[in-house]
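Single-letter residue listing:
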Amino acid sequence: MNLITRAFRRPGAFKRSPKGNGGKKKINLALQGGGAHGAFTWGVLDELLKDERIEIEGLSGTSAGAVNAVMVADGLARGGHEEARKRLADFWRAASRDGDMSKLNRAISERLFSLIPIAVTPFQPWFDAMSRMLSPYDLNPLNINPLRDLIVRFVDFDAVKRSSMPLFIAATNVHTGRLRVFPRDKINADAVMASAALPYVFRAVEIDGVPYWDGGYTSNPPIYPFFRTTETEDVVVVQINPVVRATEPHSAQEIMNRVNEVTFNASLIAEYRAIEFVRRLIDDGALKRGTGPGQYRRINVHRIDLGFIGKKLTASSRLNTDFDFFEMLHRAGQRAGRRFLEQHFDDIGVRSTIDLREQMRAEHDDAMPAGVDRRTK
């Protein structure tokens, strides 16, 4: 039994209603990484935090999603929903081109917000030429990381650790290639930066003698830790890496961007596959649903994604750190959050609102020979 499947088994029993206190509905939030497009997630979070019917029970994130997650966790720990909204707004303002970083730090920060090795800055020709020949260890010998300074400024990790909210951040162990999930009591600025450490932009982040790269390669974002740590069986995934592209990439930049989108969605699709596998076995009576020994969780999955606006965004827009661009994505995220709540609030705690079988279906399944069980779609 693999790690994800084992996570469905959780000992103990519920002590409270999954709907939460005062009739609120509980959800877990799993936040994808996606460079500057993470400002869309800021908008989604802003809308969910504003809705008094919603209680966020657990948070997970990768890369930019990890940054958003710790901002929310810190705000909730120190002042509740309004403080969490303020933390997010203040961070994205400071991280924008209109923020208070130096020009050199701004150029480096813009690189960190990317998923591809390009930059739309006055330093672009130098970065482009040198990054083809030199590694981050050559280009950044002092290991300058301005985003880390912002995270330290905005997040009180001691307050986060004292809170009771389940919080998980994903990174990739460079030595083993395996996923490392940092739980709340192990999360600090280094863990967040490890989750966002793209190997062609920054050095691996060393934690306890182990180097880590971006968590998007192994879990983007992690869902399975919720199965053993939270009461609700509802997970809302904020997905900002498009699964489908209608056009074929031709330029080197377009190809690199699409490779990253496919790679950074692969682990999420694998988790969908495990969730649907367990759901089907529960529905068929092969597994018992519950939280006791030998019982499994039946997870409801929901998704909020970029939708139509995602078709307009490009690889280079992942690097656009103008605050006007952030605000545009923020407004789009708010609209997407409102639309999700209007359409699916009643479904929370009842059923999934995305078709997991369709999400995980391999294209050759349509041509499977007679007699093969097609329920694995």
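Scroll up to find the structure.
The structure presented is a predicted model; accordingly, all values stated were derived computationally and were not measured.

A. Broad picture of the packing of aromatic side chains. Considering all chains together, one arrives at 7 aromatic pairs under this definition. Between F91 and W92 the ring centres are 5.6 Å apart and the planes differ by 85 degrees, which places this aromatic pair in the edge-to-face class. Of the two residues, F91 and W92, neither departs from the other in class, the shared state being buried. Relative to F154, the ring of F91 has its centre 6.2 Å away and its plane inclined at 85 degrees; by these criteria the two rings are edge-to-face. Pair noted here: F91 is in helix α4 (residues 81-95) and F154 is in helix α8 (residues 146-154), with a separation of 63 residues, a long-range link. Both residues of the pair, F91 and F154, count as buried. An aromatic cluster is present here, built from W42, F91, W92, F154, F323 and F326 joined pairwise through their rings. The ring of F345 has K25 sitting right over it, with the charged end atom 4.9 Å from the ring centre. Just above the ring of F345 sits the side chain of R53; from NZ or CZ to the centre is 4.0 Å.

B. Quick look at the pairing of strand β3 (residues 167-173). Judged by how many residues are buried, β3 sits mostly within the fold: 7 of 7 residues are covered. Here β3 shows no split at all, with L167, I169, A171 and N173 on one side and F168, A170 and T172 on the other all buried. Where strand β2 (residues 54-61) lies against β3, 3 bridges are found, and the strand directions are parallel. Of the residues in β3, the one forming a bridge with L59 is L167. Across 5 bridges, β3 lies against strand β4 (residues 179-183) in antiparallel orientation. Pairing of T172 across the sheet is with L179, part of β4.

C. Quick look at the packing of helix α3 (residues 64-79) against α4. Relative orientation of the contacting elements α3 and α4 amounts to 140 degrees, with a least axis distance of 7 Å. With respect to each other, α3 and α4 are oriented oblique. Helix-helix and strand crossings are classified by hand; for α3 and α4 the assignment is right-handed. Residues V67, N68, M71, V72, D74, G75, L76, R78 and G79 of α3 lie in contact with α4, whose contacting residues are H81, E83, A84, R87, L88, F91 and W92. For the contact of α3 with α4, the class distribution of residues is 8 nonpolar, 4 polar and 4 charged.

Basis of the calculations
- Residues numbered from 1 in each chain as written.
- Predicted model: local features only at pLDDT ≥ 70, side-chain atom pairs only at ≥ 80, totals over all residues.
- Heavy atoms only, no water.
- Phe/Tyr/Trp six-rings, centres within 6.5 Å; stacked < 30°, edge-to-face > 60°.
- Buried < 20%, exposed > 50% of the residue type's maximum accessible area, 1.4 Å probe, protein only.
- Helix = DSSP H or I, 4+ residues; strand = E, 2+ residues; numbered from the N terminus.
- Lys NZ or Arg CZ within 6 Å of the ring centre and 35° of its normal.
- Pairing = 2+ DSSP bridges.
- Axes fitted to C-alpha atoms, helices over the stretch in contact; angles between N-to-C directions.
- Parallel < 35°, antiparallel > 145°, perpendicular 65-115°, else oblique.
- Left-handed = near helix turned anticlockwise from the far one by under 90°.
- Contact = heavy atoms within 4.5 Å.
- Nonpolar A, V, L, I, M, F, W, Y, C, P; charged D, E, K, R; others polar.

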